[in-house]
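As a plain string of letters, each chain reads:
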Amino acid sequence: MSESNLAARSDGLEGQVSGARVIAQALKTQDVNYMFGIVGIPVTEIALAAQEVGIRYIGMRNEQAACYAASAVGYLTGRPLIVIGGSSERSQETMGAFQEFPQVEACRLYSKFSARPSSIEAIPSIIEKAVRSSLYGRPGACYVDIPADFVNLQVNVNSIKYVECCMPPPISMAETSAVSTAASVIRDAKQPLVIIGKGAAYAHAEESIRKLVEQCKLPFLPTPMGKGVIRDNHPNCVAAARSRALQFADVIVLLGARLNWILHFGLPPRYQPDVKFIQVDICAEELGNNVRPAVTLLGDINAVTKQLLEEFDKTPWQYPPESKWWKVLREKMKSNEALSKELASKTSLPMNYYTVFHHVQEQLPRDCFVVSEGANTMDIGRTVLQNYLPRHRLDAGTFGTMGVGLGFAIAAAIVAKDRNPGQRVICVEGDSAFGFSGMEVETICRYNLPIVLLVVNNNGIYQGFDTDSWKEMLKFGDATTVALPMCLLPHSHYELVMTAFGGKGYFVQTPEELQKSLRQSLADTTNPSLINIMIEPQATRKAQDFHWLTRSNL
């Protein structure tokens, strides 16, 4: 459709402007550059108008995946996640209109701001407030509801006053006395540990955190989304001794990391009963959750870390590199790495997780985005697949929801295309997780995105069964009554989903086939690819001292 036709469609009368065009222009004025969605009544015109004003529109196959993609772009670019939904016409409210639902009220439960403009003229100010609310404080989603009759309603162009782009979030700093106290607690630590969270990555605090860790010689542990803030292969990274580090540290500095289920709530037996937490967070309500911290530092992670550095510049201090604590951590790291290496070196077929990830890690570009979801696939993958750059790992995170992978990968690929053409996105999926959003493969192919999908296929959820075991099971009755709930159809050829849409698909069963297919996929810069990797259905991770979740009896 030509630009003139687009303009005619959005602005039918001279001197008039449509609601759709006002929405698009208000978003563009707030420096919104990407839009993900599925068009339909009444929002199709909004997508067309967005393209006309220069917003890149990526049409997805599932609304859930579109939201995941938008949230990932918000994380990668620092710009907002604004959900725009179409609702029934105002004149039809309470009449049982098409898809009538109290969306504004419902969204207030899980968004930072939720509103419905009272008029076309009110749209720019509502959009500005939504963007500002999403960026300030702890970042989060906001919702703007658009009545169907607003989309094509024409108003006088002179009646619209666009609000200039909101100012960047103010940088807040911690109280000077609290910073001084925190530095004293760190100096007195016998077994210190720094935990780097997603908040540190979002705050772009990598330089200041690296300086703090290196200047004070502190061991650090990244959370899943904190990987890469300091490179995973840094000599001070103790991720390979995660359990030991958490269990015996006496002072823990939390840099944008929450004491939620991922960190076992900060409670014994995972931690020492008298461990001292120094909490650094931008969100005041987060301070003191689950444990009473020794020191709270409320403020921007980057700014507060610089405050700590200033304290240690005044009175230089280093944690002794040859301390007993460092010796304990290094010994545990060495033994765990040896065990992982032993598992990775197994030559029996089908392959196990460690063998697969070992061969993948060997070929991964150091600057690639790594996206991951699944149970064992994600958990084991994060211990083997290394990140060297901040904000280059995307996974299920705090909520642990499945289905995020392909949306996240699409977002990363779109950003990579704009910022660093040629940068690759590696999306590592469990076979069950892939099923949540597998049709987004068509989206990947439609936009020809540089994504390599790895489906680690064990025929099930957590664990599955091989073809012979599956057939034997079905001898005892219908699958609905005899097949275990975690089973998926054995030997499924997920790679054919990719070839169906024009990409490259590979079915691999051996390390040699994996190496070859991955090499070809990374060398092919013109086609997306999917590598379906068959592994031992009963494969699992090495024994854990502590589990993140309550374990099943199965």
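Residues numbered from 1 in each chain as written. Predicted model: local features only at pLDDT ≥ 70, side-chain atom pairs only at ≥ 80, totals over all residues. Heavy atoms only, no water.

Draft legend 1. View of the overall build of the protein. Scanning the protein from terminus to terminus reveals 22 helices and 20 strands. Projected onto its principal axes, the C-alpha coordinates of the protein cover approximately 75 × 70 × 45 Å. Residues counted as buried form 54% of the 554 residues belonging to the protein. As presented, the protein carries roughly 25000 Å² of accessible surface, and 54% of it is formed by carbon and sulfur atoms. The centroid of the 53 positive side-chain charges in the protein is displaced by 7 Å from the centroid of its 55 negative side-chain charges. (Helix = DSSP H or I, 4+ residues; strand = E, 2+ residues; numbered from the N terminus. Buried < 20%, exposed > 50% of the residue type's maximum accessible area, 1.4 Å probe, protein only. Areas by Shrake-Rupley, 256 points an atom, 1.4 Å probe, with all protein chains shown as cover. Lys, Arg positive; Asp, Glu negative; His and termini not counted. Charge placed at Lys NZ, Arg CZ, Asp CG, Glu CD.)

Draft legend 2. Fine view of the packing of helix α2 (residues 19-29) against helix α6 (residues 123-135). For the pair α2 and α6, the least separation of the axes is 9 Å and the interaxial angle reads 35 degrees. The chirality of how α2 crosses α6 is right-handed. On α6, the residues touching Gly19, Val22, Ile23, Ala26 and Leu27 of α2 are Ile123, Pro124 and Ile127. Considering only residue class, the contact of α2 with α6 consists of 7 nonpolar, 1 polar and no charged. (Axes fitted to C-alpha atoms, helices over the stretch in contact; angles between N-to-C directions. Left-handed = near helix turned anticlockwise from the far one by under 90°. Contact = heavy atoms within 4.5 Å. Nonpolar A, V, L, I, M, F, W, Y, C, P; charged D, E, K, R; others polar.)

Draft legend 3. Layout of the sheet that holds strand β13 (residues 369-373). Within the open sheet, the 6 strands sit side by side as β14-β13-β15-β16-β20-β19. Their pairing is parallel. Every interior strand has two partners, whereas the edge strands, β14 (393-395) and β19 (504-508), have only one. Each strand of the sheet is rotated relative to its neighbour by a mean of 15 degrees, with strand direction disregarded. Summarising the sheet, strand β16 (residues 451-457) and strand β20 (residues 529-534) pair through 6 bridges and their orientation is parallel. Within the sheet, the bridge partner assigned to Leu453 lies in β20 and is Leu530. Along the sheet, helix α16 (residues 405-419) makes contact with β13, β14, β15 (425-430) and β16, crossing β15 at roughly 180 degrees. Seen against the sheet, helix α22 (residues 511-523) touches β15, β16, β19 and β20 and runs at an angle of roughly 165 degrees to β19. (Pairing = 2+ DSSP bridges.)

Draft legend 4. Inspection of the sheet that holds strand β4 (residues 82-87) at higher detail. On the basis of which strands lie adjacent, the open sheet formed by 3 strands has the order β4-β6-β5 and parallel pairing. Two strands close off the open sheet at either side, each with one partner strand: β4 and β5 (113-115). Neighbour-to-neighbour, the strand axes of this sheet turn through a mean angle of 15 degrees, independent of strand direction. Inspection of the sheet shows β5 paired to strand β6 (residues 142-147) by 3 bridges, in the parallel sense. Paired with Ala115 across the bridge in β6 is Val144. Along the sheet, α6 makes contact with β4, β5 and β6, crossing β6 at roughly 160 degrees.

Draft legend 5. Here's a closer look at the packing of aromatic side chains. This model, assessed by the stated rule, comprises 7 aromatic pairs. On the numbers, 6.5 Å between centres and 50 degrees between planes, the contact of Trp317 with Tyr319 is tilted. Residue classification places Trp317 among the buried positions, given a relative accessible area of 16%. Cation over ring: Lys198 sits above Tyr75, and NZ or CZ is 5.3 Å from the ring centre. (Phe/Tyr/Trp six-rings, centres within 6.5 Å; stacked < 30°, edge-to-face > 60°. Lys NZ or Arg CZ within 6 Å of the ring centre and 35° of its normal.)

Draft legend 6. A look at the nonpolar core. The biggest cluster of nonpolar side chains holds 102 residues, and the ones touching the most others in it are Phe36, Ile209, Leu297, Ile451 and Leu453. A total of 10 residues in this core trace back to one element, the largest contributor, which is α16. Other than its neighbours up to four places away in sequence, Ile451 contacts Ala409, Ile410, Ala413, Val425, Cys427, Ile444, Pro528 and Ser529. In this structure, Ala50, Ile55, Ile120 and Ile160 belong to the second largest nonpolar core, which totals 35 residues. (Core = buried A, V, L, I, M, F, W, Y, C linked by side-chain atoms within 4.5 Å.)

Draft legend 7. Quick look at the side chain of Ser134. Of note, Ser134 is situated in helix α6. A distance of 2.8 Å separates a polar atom in the side chain of Ser134 from the backbone oxygen of Val131. Beyond its immediate chain neighbours, meaning those up to four positions away, Ser134 contacts Pro80, Leu81, Ile82, Lys112, Pro139, Gly140 and Cys142. (Polar contact = N/O pair within 3.5 Å; in protein donor to acceptor, adjacent residues only side chain to side chain.)

Draft legend 8. View of the environment of Glu285. In this structure, Glu285 sits in the loop between β11 (276-281) and β12 (295-298). The exposure class assigned to Glu285 is exposed, which follows from its relative accessible area of 64%. Measuring from C-alpha to C-alpha, the distance between Glu285 and His234 comes to 32 Å, with 51 residues separating the pair along the chain.

Draft legend 9. Fine view of helix α3 (residues 44-52). Residues Glu45, Ile46, Ala47, Ala49 and Ala50 constitute the buried set of α3. Residue Gly54 follows α3 closely and has a positive phi angle near 105 degrees.

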